[in-house]
Amino acid sequence: MSAAIEVAGLTTQFETRAGIVTAVNDVSFSVGRGRILGLVGESGSGKSVTGFSILGLVDPPGRVSGGQVLVAGTDLRGLTPEAMRKMRGKAVSMVFQDPMMTLNPVLRVGDQMARAVRAHDRVSTRAAWDRARAALEVVGIPAAAERLHAYPHQLSGGMRQRVAIAIAILHQPAVLIADEPTTALDVSIQGQILAEVRRLADDTGTAIVWITHDLAVVSSLADDICVMYAGRIVERGPAEAVIARPLHPYTRGLMDSVPARHEPGKPLPQIPGSTPSLLNLPSGCPFRNRCPRASDLCTTDPPEVGTATHSARCHHPLGDA
Amino acid sequence: MSALLQITGVSKRFTRHPNLAERMLHAVGGPDATQTVHALTDVTLEVARGEVLGIVGESGCGKSTLGRIVSGIYMPSAGSITLDGKPVARDRGGAAEKLTTQVQMIHQDPFASLNPRIKVGQTISEGPHHHRVVPRAQVDTMVRDLLGRVGLEPSYAGRLPHQFSGGQRQRIAIARALAMNPDLLVLDEAVASLDVSIQAQVLNLFLELRRELGLTALFISHDLGVVRHVSDRVAIMYLGRVVELAPAERIYNDPQHPYTRALFESIPVLGTGRREFHPIKGEIPSPLNPPPGCAFHPRCPHAGPRCRVEVPALSPAAPGHGVACHLNTGGVELAA
Amino acid sequence: MAVAETTRRQRLSEFWSDFAQSRVAVVALAVILVLLFLAFACEWVAPQDPYDLRNLDWLDAFLPPGTVGSGGYVHVLGTDNVGRDMLSAVLYGLRTSFIIGLSAGALALTAGIAVGLTAAYFGGRLEAVLMRVVDLQLSMPAILMALVLVALLGSGVGQIVLALVVAQYAYFARTTHGAATVERRKDYIEAARSTPLPTYRVLFRHLLPNVMPPLIVVATVQVAAAIALEATLSFLGVGLPLTEPSLGSLISNGFRYIHTDRTWLSLYPGFALMITVVAINLVGDQVRTVLDPRQGL
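Only a predicted model underlies this, so the values are computations on that prediction, with no experimental measurement involved.

What counts, and at which threshold
- Residues numbered from 1 in each chain as written.
- Chains lettered and ligands numbered in written order.
- Predicted model: local features only at pLDDT ≥ 70, side-chain atom pairs only at ≥ 80, totals over all residues.
- Helix = DSSP H or I, 4+ residues; strand = E, 2+ residues; numbered from the N terminus.
- Buried ≥ 20, exposed ≤ 12 C-beta atoms within 10 Å, placed from the backbone.
- Contact = placed C-beta atoms within 7 Å.
- Rg over C-alpha atoms; globule rule 2.2 N^0.38 Å.
- Core = buried A, V, L, I, M, F, W, Y, C linked by C-beta atoms within 7 Å.
- Nonpolar A, V, L, I, M, F, W, Y, C, P; charged D, E, K, R; others polar.
- Axes fitted to C-alpha atoms, helices over the stretch in contact; angles between N-to-C directions.
- Parallel < 35°, antiparallel > 145°, perpendicular 65-115°, else oblique.
- Pairing = 2+ DSSP bridges.
- Right-handed = clockwise from strand over helix to strand, strands pointing away.
- Left-handed = near helix turned anticlockwise from the far one by under 90°.
- Domains from an automatic or database assignment.

Another point: the overall build of chain C. In terms of regular secondary structure, chain C is built from eleven helices and two strands. Scanning chain C from its N terminus toward the C terminus, one meets helices and strands in the order α-α-α-β-β-α-α-α-α-α-α-α-α. With the C-alpha coordinates of chain C rotated into their principal frame, the extents come out at 75 × 45 × 35 Å. Per-residue burial over chain C gives 44% buried out of 297 residues. Considering only intrachain contacts with a sequence separation of at least 6, the fraction spanning at least 24 residues in chain C is 65%.

Structure follows, in structure tokens:
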């Protein structure tokens, strides 16, 4: 089965006053139909820029400077802006942390959803409203027909995010990119949305790239996980394998930092230091200055180690010592 | 056990008064535009010296309002807050005037809580200097000691906040609070905006300071895992009320209130394998218009007729374990 | 404290490199500096002291630009109806205009900050009353306010400055209020209040420095406006008398001869006024662009 989306060698750079910052550095991954990829990283890891780069939404001074984004055999990077616009919302769509990035505050939910339908398909307003209502039902909005007549400000944060997701799936896109969509929501609401998203992938076959800082969320939601650090993917693999047997010391450190895994009151194992500035990354492995396993070898670029399905970029991966 | 902090029957309502146009509309028969947010309703809690009380809840539960009342930023609409028997603030023309330096607060967002134009050394020394916490000649030494204590170079005192990362800024905010030699720290989502790896560092710092200084703290967070890790006792709040209060281990191992249980089931746990999600049904009601009776009854799987009319009081389910649920006090049916 | 010094210098140099992105603004700034120098060095630069009536010679009246007068030097910009050297008059006039504009601007800034900060910080009824008064004043043309006030107060530099301050403080008050309302909700203000620090410290040490950037922009624009307002008042004859020449009174004086061929009497002070006001506004615009990129679009 071929992948719904295949990203290869994606690189995005920002020109700043202090020099060129490579926010996304040679990122490659693919997501199959109906599968969910968790793209995990801390702030500055480049995970969000990766999402924006896929959709060609990087604004100057940023620039996607290399790589391929294949969706249904088309390289999105080679498209004209006009052709790209036609793909967005139809073949590939995006959900943001703040649903108001998608929602127009002065339009009723039904109106803007109908507009979104008719932006790509020539159907009657009535048919567009019907599709809008169906999409709201898919994401588990109760009394969908009534919600269509509401304005965004009349909805709660969780409800708005569901509407944003419903808009994103109106055209049954092959790929949905979700950038921290539940981070601002309460945990009980997050639980509801995660359940709907899992169902969405299973039922419609949409491939989902779920971008988040929260390993716990993706460990229960995603099929596969990519861990990003300083613009690169440092570990990739099936969610179960990555969580059960992390290869990269950074992945291990992230998991160990979660308090729920430790006896209350005892010091948490912590990753020392802070995320390096992308402006002056150390040579070789970007994590080596914080890594407990680092050696002189780490000043050279780390190799890809592990199996075909579960691998990490590290000179001293865990589990093989 | 004598309480250091005593919160007694505290309620807080925020009222938005209608503007002139709305008042005129109301006069000719329009709707009354006065809106009242019931942020806190009848909260009673105490914190013993040396204890860390965790406050957990989702948005709109009133946990941040409670922190601000304890910190003397708001006056409660009813009830009292005392530290060592003395009120923390008094009402002055509708605004709170803080009376004590013994309660210090640490905010959520370290990018907003430090004045961007003041050097961090001065940010830390300003309070002690003004209140003469130490003789003025020793303030500089104290600042250097504190910076070292929170894990920063003492020479950083001359830098401005924008030169620091989020985790470092939160350390500075902690140093600023400690500089006042407080009896009680109020931490309002103090690690919520930090990356996981940085969060662990700051939590470790807090635990270490607690051990060394015997800190008493109100630790407010939406993150059950974090709260469990640092707290002795935990209060779960929902829509302005405390619904469950128990020692941390007890509440995690044996939650009683249906909301607490549902909350625990909603948390994604770092683990392997696809899991079924058991989300709580429905949305959090607006504190503008809280439901009558038990505020959780519209979402509660066990709700009965009694829950719709009678507010359950926090009553002991076990020694030291309070639950505000009719299931624990005679059932959900209305008394005949 | 070497660290802090380098950062301040860095920030200044960053500010300058952003500012210098606009050539026009750099030229305008240079023009302002030259004009400021000439105006405040006028006693040494100008060939004549126009305040000293003994220097005036009726025989020199209406000399066109470039003529050598009885003083034995060239009247570069000509002379007026009483034989006053126009170059000297323009330079002295420029000095008066700058003094009035800068002091009115500074005082209006101070008054506006006091009103705006008080209203924003304390809120409630006080805020409502103060800001309604400000709104009321903003709804009236500043020139009308100034005319009425000068009519009441009489003419003279002090009176004009006072009139300008009363007419202009509202702009500063409105801007301060807007910025302070945003800033006072931020956590660092809450942190200072809950320390607790006394109100004056919270206001002047924490709140005020953070509302200054937009005020600097308003201040440049208002200084230009004050100079123009003063010129208008003097032109209308309620400002400064011709014996203390300001650009406005010079234009007004020359205006009587505008239909003859002696156009230089109005033209040159008019140019001086225009260049000054335009240059200040250009600099102000660029400062606004640098301080707030969103508004610069």
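Further notes follow.
Turning to the overall build of chain A, a few remarks are in order. Helix and strand content of chain A: ten helices and twelve strands. A globule of 321 residues ought to have a C-alpha radius of gyration of about 20 Å, and chain A, at 20 Å, matches this closely. Counting only C-alpha atoms and orienting by the principal axes, one finds that chain A spans roughly 65 × 50 × 40 Å. Counting all 321 residues of chain A, 50% fall into the buried class. When contacts within chain A are restricted to residue pairs at least 6 apart in sequence, those whose partners lie at least 24 apart make up 64%.

Here we come to the nonpolar core. Counting 265 residues, the largest nonpolar core has Trp210 of chain A together with Leu164 of chain C as the members making the most contacts within it. Excluding its chain neighbours within four sequence positions, the residues that come into contact with Trp210 of chain A are Ile36, Leu37, Gly38, Leu39, Ala178, Val218, Leu221 and Ala222 of chain A.

Each partner contributes residues to the interface: chain C has 17 residues there, and chain B has 21 residues. Listed by contribution, the elements that provide at least two residues to the side of chain C that touches chain B are α1 (2-19), α8 (187-193) and α9 (199-235) of chain C. Grouping the constituent residues of the side of chain C that touches chain B by class yields eight nonpolar, five polar and four charged.

With 37 residues of chain A in contact, the opposing surface of chain B contributes 37 residues. Put simply, the parts of the chain that give the side of chain A that touches chain B at least two residues each are α6 (157-168), α7 (187-204), α8 (215-221), α9 (239-244) and α10 (249-256) of chain A. Of the residues forming the side of chain A that touches chain B, the biggest block, six residues, is contributed by α7 of chain A. Along the lines of polarity and charge, the residues of the side of chain A that touches chain B split into 18 nonpolar, 15 polar and four charged.

Below, the discussion takes up the packing of helix α2 (residues 23-40) of chain C against helix α4 (residues 86-122) of chain C. Residues and elements named next belong to chain C. Two elements in contact, α2 and α4, have axes whose closest approach is 8 Å; the angle formed by their N-to-C orientations is 110 degrees. Taken together, the axis directions place α2 and α4 in an arrangement best described as roughly perpendicular. Each of Leu35, Leu36, Leu38, Ala39 and Phe40 in α2 lies in contact with α4, whose residues at this interface are Leu91, Leu94, Arg95 and Phe98. Here the contact of α2 with α4 is composed, by residue class, of eight nonpolar, no polar and one charged.

Within a regular beta strand, the side chains point alternately toward one face of the sheet and then the other, so they alternate between its two faces. Residues and elements named next belong to chain A. For strand β7 (residues 175-179), the tally of buried residues reaches five of five residues, placing the bulk of the element in the interior. Pairing analysis gives four bridges linking strand β6 (residues 92-95) to β7, with the strands arranged parallel. Looking at the pairing, Ser93 lines up with Leu176 of β7. The pairing of β7 with strand β8 (residues 207-212) spans five bridges and is parallel. Opposite Ile177, over in β8, you have Val209 as the bridge partner. Chirality of the crossover, the property in question, places the unit of β7, α7 and β8 among those that are right-handed.

Take the sheet that holds strand β12 (residues 241-247) of chain B next. Residues and elements named next belong to chain B. With respect to topology, eight strands assemble into an open sheet ordered β8-β9-β10-β3-β11-β12-β14-β13, the strand pairing being mixed. Only two strands of the sheet have a single partner each, and these edge strands are β8 (103-106) and β13 (315-318). Pairs of neighbouring strands in the sheet enclose a mean axial angle of 25 degrees, with direction left out of account. The pairing of strand β3 (residues 52-56) with strand β10 (residues 216-221) spans five bridges and is classified as parallel. For Leu53, the partnering residue across the bridge sits in β10 and is Leu218. Strands in contact with helix α2 (residues 63-70) are β3, β8, β9 (184-188), β10 and β11 (233-238); relative to β10, the strand with the most contacts, it is inclined by about 150 degrees. Contacts from helix α5 (residues 166-179) reach β8 and β9 within the one sheet, and its direction differs from that of β8 by about 175 degrees.

This part is about the arrangement of the chains. Most contacts, when the two pairs of chains in contact are compared, are made between chains A and B. Considering only C-alpha positions, the minimal separation of the non-contacting chain A and chain C is 9 Å.

Next up on the list: the packing of α2 of chain C against helix α11 (residues 264-291) of chain C. Residue and element names in this part refer to chain C. Contact geometry for α2 and α11: axes closest at 8 Å, N-to-C directions at 135 degrees. Taken together, the axes of α2 and α11 are oblique relative to one another. Judged by the twist between their axes, the crossing of α2 over α11 is left-handed. Contact with α2, carried on its side by Val24, Ala25, Ala28, Leu29, Val31, Ile32 and Leu35, involves Ile275, Thr276, Ala279, Ile280, Leu282, Val283 and Gln286 of α11 and no other residues of that element.

Residues and elements named next belong to chain A. Each assigned domain of chain A is listed with its residue range as follows: domain 1 (3-91 + 174-313) and domain 2 (101-170). The partner domain 2 presents twelve residues to the twelve residues of domain 1 that form the contact. Element by element, the count of residues in the side of domain 1 that touches domain 2 is highest for α7, at five residues.

Attention now goes to unusual backbone geometry. Residue Pro61 of chain A follows Pro60 of chain A across a cis peptide bond; omega there is 10 degrees. Within the fold, Pro61 of chain A resides in the loop between α1 (47-54) and β4 (62-71). Its identity as a non-glycine residue notwithstanding, Arg132 of chain B has a phi of 50 degrees, on the positive side. Within the element layout of this structure, Arg132 of chain B appears in the loop between α3 (120-131) and α4 (139-149). Classification of Arg132 of chain B by C-beta neighbours within 10 Å gives exposed; the count is 9.

Residue and element names in this part refer to chain A. In space, the eight strands of this open sheet follow the order β6-β7-β8-β3-β9-β10-β12-β11, with mixed pairing throughout. Of all strands in the sheet, those with a lone pairing partner are β6 and β11 (304-306), marking the two edges. Put simply, the sheet's adjacent strands are angled 20 degrees from each other on average, direction ignored. Against the sheet, α6 makes contact with β6 and β7, and its axis sits at roughly 175 degrees relative to β6, the strand it touches most.

Residues and elements named next belong to chain A. Where strand β1 (residues 3-16) meets β4, eight bridges bridge the pair, whose relative direction is antiparallel. Residue pairing in the sheet places Thr12 in a bridge with Val64 of β4. Pairing between β4 and strand β5 (residues 74-75): two bridges, direction antiparallel. Directly across from Leu70, in β5, lies its bridge partner Asp75. Linkage of β4 to β5, two consecutive antiparallel strands, is achieved through a turn of two residues, within which Ala72 is found at a positive phi near 50 degrees.

All names here are of chain A. Inspection of the secondary structure assignment puts Pro181 in the loop between β7 and α7. Pro181 gets classed as buried once you count the C-beta atoms within 10 Å, which come to 27. C-alpha separation for the pair Pro181 and Ala164, spaced 17 residues apart in sequence, amounts to 9.5 Å. Those residues within four positions of Pro181 in sequence are excluded, and the remaining contacts are Val95, Gln97 and Gln161.

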